[in-house]
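Coordinate inspection notes
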Amino acid sequence: MVENRPFLTVLRHVVLLAGVAIVLFPVWVAFVASTHPQPTLLSGVAPLWPGDRLVENYSQLLSAGMAQAGGTPVGLMLFNSFVMALLIATGKIAVSLISAFAIVYFRFPFRMIAFWIIFLTLMLPVEVRILPTFEVVADLGMLNSYAGLTIPLIASATATFLFRQFYLTVPDQLAEAARMDGAGPMRFFFDILVPLSRTNIAAIFVIMFLFGWNQYLWPLLVTTDESFTTIVMGIYRMVNVSDEQPQWHLVMATATLALLPPVAVVLVMQRLFVKGLVETEK
Amino acid sequence: MAGIGIRDVVKRYGDTKVIHGVSIDVADGEFIVIVGPSGCGKSTLLRMVAGLEEITGGEVAIDGRVVNRLEPKDRNIAMVFQNYALYPHMSVYDNMAYGLKIAGLSKDAIRERVDKAARMLQLEPYLDRKPRQLSGGQRQRVAMGRCIVREPAAFLFDEPLSNLDAKLRVQMRLEIKQLQRSLGTTALYVTHDQVEAMTLADRLVVMNGGVAEQIDTPMNVYLHPATTFVAGFIGSPAMNFMPGRLGGDGRAITLDTGAPLRALPEPIVGHGGEKPVTIGVRPEHLALVGQPEAELTLRARVVETLGADTLVHGVLLDKDAAIVPVAGEGGEVLAARLPGNVTVREGDTLPLRVAEGALHVFDRETGRRLADV
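Residues numbered from 1 in each chain as written. Chains lettered and ligands numbered in written order. Predicted model: local features only at pLDDT ≥ 70, side-chain atom pairs only at ≥ 80, totals over all residues. Heavy atoms only, no water.

Some details on the overall build of chain A
Spelled out, the test is: Helix and strand labels come from DSSP, where a helix needs a run of H or I of at least four residues and a strand needs a run of E of at least two; each type is numbered from the N terminus. Note that the radius of gyration is over C-alpha atoms, with the globule rule given as 2.2 Å times the number of residues to the power 0.38. Working definition: with a 1.4 Å probe on protein chains only, accessible area under 20% of the residue-type maximum means buried, over 50% means exposed, and in between means partly exposed. Residue burial considers only the protein chains on display, and all accessible areas are found by Shrake-Rupley using a 1.4 Å probe. We count Lys and Arg on the positive side and Asp and Glu on the negative side, and we leave His and both chain ends out. Taken as the charge location is NZ of Lys, CZ of Arg, CG of Asp or CD of Glu.
Within chain A, the regular secondary structure consists of 14 helices and zero strands. From first element to last, N terminus to C terminus, chain A shows the α and β order α-α-α-α-α-α-α-α-α-α-α-α-α-α. Whereas a compact globule of 282 residues would reach a radius of gyration of roughly 19 Å, chain A reaches 24 Å, over 25% beyond that. A principal-axis box enclosing the C-alpha atoms of chain A has dimensions of 75 × 65 × 30 Å. The 282 residues of chain A split such that 40% are buried. By element, 73% of the accessible surface of chain A is carried by carbon and sulfur atoms, the whole surface being about 15300 Å². Taken as two groups, the 15 positive and 16 negative side-chain charges of chain A have centres that lie 12 Å from each other.

Below, the structure written as structure tokens:
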């Protein structure tokens, strides 16, 4: 826009600031609540400024957890969630990279059928196939393990699709040049295709990490052992304690903690992502 | 270093035959240019030599060894692609070194070869850069360097200059030629640009519709085109074609205007009596003469002054000054390239004579050359 009217500039900023406030206010409230003792929060008036219990609340959570909700330390929950999200994201990327490679660069029998089968899985997310998948995971003895938490979530048509679309834009001559240079298919894949997919990998990693982090239903089903509780499950368990007032200050602190790793991933990856977008190669 | 033998090579995609048995013998150190319009199969032929395309029939031999079933890397050749196909994420050095790394050369040997090639191509200051930080000409040089370091038996070029602007193209053309000469490596070069073809080639292969129409030195192709296709394809502006007849004695040539042209010194062997022919004359072989010596009369329609030359596009007139239809590239219009100091105005009538030996006679049915006078 080349228009330069002070009134419009002010209006634009007011609208933007209002938007930011709407998004950030709940986060602020959660953070503020996590710094007060429980009675303050139950008094009926929600405080708007941080209290004095920041260190106590958080250190209690991280080391001991909340006794009423099983007493699993939040540190462990964070670790579990992190491992699960990381395994799902890297697993998805690894599987999708290689399956897209097979579909785009090789002529094998039933290639299109393979492609459509992968495509069909888009319509079958975990929630739809939850009972049979649970049965399989249970029979394989993968309940209460990281394998059980992550493997059923790894197969991903979305990422395969994205990589396929990207590979189709890589000029054929690049593959031919590599062939002339004596690179076999796997060498071409690792030396040329994967480095070229760097920015796509970053983007998909962000999306899939968040997807993995936010999983609720599946971890709830396959883990019964406290040591595999993830943070999202943990929050819910804290809210629904029986025969007692919810410990809102601890719940809010947990929520705040749960927010941090995804934010960190987005911030770190976004740099790579933008860098990749600016330096177009090919 | 070695020659390349292409023997009766055929390419078929399903039921469609795109190359109908091409044979070319490339001598050691020779620069062969394959030229032709798009879709004539020239790139397919090159890719078959490279091993990127399967050979349906016939044989390709490099250095006397049949390579039909060998992988590209085992054929001891290197190829420059049209869009260079440099690895975008690798530095110039790594681009050139990649093939050698795979071949398992030691680090020192790789460095030595890459440095040597970089020196030769004046790429030394750019070794650490990525391809995207280079200009078109520099990328082209890197693509060449990637070939040189492998010290192959032959270079294959697939329209390597078509992505460059006109000025750079001329410069790179010279560089490629010099490089090939100094290395003495056999080269097979595909292009659709006839200037590139004429200037680079030791021998030219003119292809059309999957057939090699003529294989000869550039000058021979220019002076004695084997077919009307070759005659029309090589040379700019294109050769003029006029309908004519070969006399019953196999010597006399008459234009369909009725005007007799010069006679052949000897009858064409096996001419089989009178027959329709196509007469070809290059625009640059027409000279302005006095009326009595004129063989052709042209009425100027469009005059283009190029400085050194004047291009006259006009229609052919018979002796009654009526327009004669001819079957040339531009329909009825013939072209004549006259010296730049001649003043011609639109509408002028020009008496013209064809230079000695520059009148080409082709069989009208087969399009093959019968004689040049």
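Digging into the packing of helix α2 (residues 92-103) of chain B against helix α3 (residues 107-120) of chain B
Residues and elements named next belong to chain B. Condition: Here an angle of 0 to 180 degrees is reported between the N-to-C directions of two axes, which are lines fitted to C-alpha atoms, with helices fitted over the stretch in contact. Oblique is the label for any angle not covered by the other classes, which are roughly parallel (under 35 degrees), roughly antiparallel (over 145) and roughly perpendicular (65 to 115). In a left-handed crossing the near helix is turned counterclockwise from the far helix by less than a right angle, and in a right-handed crossing that turn is clockwise. Residues count as neighbours in contact if any of their non-hydrogen atoms are within 4.5 Å of one another. Residues are sorted three ways: Asp, Glu, Lys and Arg are charged, Ala, Val, Leu, Ile, Met, Phe, Trp, Tyr, Cys and Pro are nonpolar, and all the rest, Gly among them, are polar.
Packing of α2 against α3 leaves a shortest axis separation of 10 Å and a crossing angle of 135 degrees. With respect to their mutual orientation, α2 and α3 come out oblique. At the point where α2 passes α3, the crossing takes the right-handed sense. Across the interface between the two elements, Y93, M96, A97, L100 and K101 of α2 pack against I110, R111, R113, V114 and A118 of α3. Its residues assigned to classes, the contact of α2 with α3 comprises seven nonpolar, no polar and three charged.

Examining the sheet that holds strand β4 (residues 57-62) of chain B
We count it as follows: Pairing between strands is defined by DSSP: at least two bridges between them are needed.
Spatially, β2-β1-β4-β5 (chain B) is the arrangement adopted by the four strands of the open sheet, whose pairing is antiparallel. If you trace the sheet from one side to the other, it starts and ends with β2 (16-26) and β5 (65-66) of chain B, each paired once.

Examining the UniProt feature "domain: ABC transporter" (unreviewed entry) in chain B
Heads up, the rule is: UniProt positions are given in the numbering used here, feature names are shortened, and annotations may be inferred rather than shown by experiment.
The sites that carry the UniProt feature "domain: ABC transporter" (unreviewed entry) are, in the present numbering, residues 4-234 of chain B. Within residues 4-234 of chain B, the helical portion is 37% and the strand portion 26%, while the C-alpha atoms at the span's ends are 25 Å from each other.

Regarding the sheet that holds strand β7 (residues 154-158) of chain B
Hydrogen bonding along the main chain pairs the strands of a sheet, whether they run parallel or antiparallel. Residues and elements named next belong to chain B. Reading across from one edge, β6-β7-β8-β3-β9-β10 is the order of the six strands in this open sheet, with mixed pairing throughout. Two strands close off the open sheet at either side, each with one partner strand: β6 (77-80) and β10 (211-216). Ignoring which end each strand starts from, the neighbouring axes of this sheet average 15 degrees apart. Where β6 lies against β7, four bridges are found, and the strand directions are parallel. Bridge pairing in β7 places I77 opposite A154. Across the sheet, helix α4 (residues 136-148) touches β6 and β7, and the angle it forms with β6 is around 175 degrees. Relative to the sheet, helix α5 (residues 166-183) contacts β3 (31-35), β7 and β8 (186-191), its axis offset from that of β8 by approximately 160 degrees.

Re the nonpolar core
As a rule of thumb, nonpolar side chains are buried together in soluble globular proteins. How we decide: Think of a nonpolar core as a cluster: buried Ala, Val, Leu, Ile, Met, Phe, Trp, Tyr and Cys residues, connected wherever their side-chain atoms sit within 4.5 Å.
In this structure, A:Y167, A:I192, B:L45 and B:L188 are the most contacted members of the largest nonpolar core, which totals 80 residues. Looking at which element gives the most residues to this core, the answer is helix α4 (residues 74-105) of chain A, with ten residues. In this view, A:Y167 contacts A:L97, A:A100, A:F101, A:V104, A:Y105, A:F189, A:L193 and A:S197; residues no more than four positions away in its chain are not counted. If you look at the next biggest cluster of nonpolar residues, it comprises 45 residues, including B:Y93, B:L127, B:F155 and B:L161.

Re the interface of chain B and chain A
Heads up, the condition is: By convention, the term buried area covers the 1.4 Å-probe accessible surface removed from two parts as they join, with the contributions of both added. One side-chain nitrogen of Lys or Arg within 4 Å of one carboxyl oxygen of Asp or Glu is enough to make a salt bridge. Pairs of N or O atoms are called polar contacts if they sit within 3.5 Å, as long as, within protein, a hydrogen donor faces a hydrogen acceptor (for residues adjacent in sequence, only side-chain-to-side-chain pairs).
Listed as interface residues are 25 residues of chain B and, on the opposing side, 20 residues of chain A. Around 2100 Å² of area is buried between chain B and chain A when both sides are counted, 57% of it from carbon and sulfur atoms. Counting the surface chain B buries against chain A, the share from its top three residues, B:H89, B:Y98 and B:R132, is 25%. Put simply, chain B and chain A have two salt bridges between them. A:R179 is paired through a salt bridge with B:E71; the nearest N and O atoms lie 3.4 Å apart. Applying the counting rule to chain B against chain A returns ten residue pairs in polar contact (both at pLDDT 80 or more).

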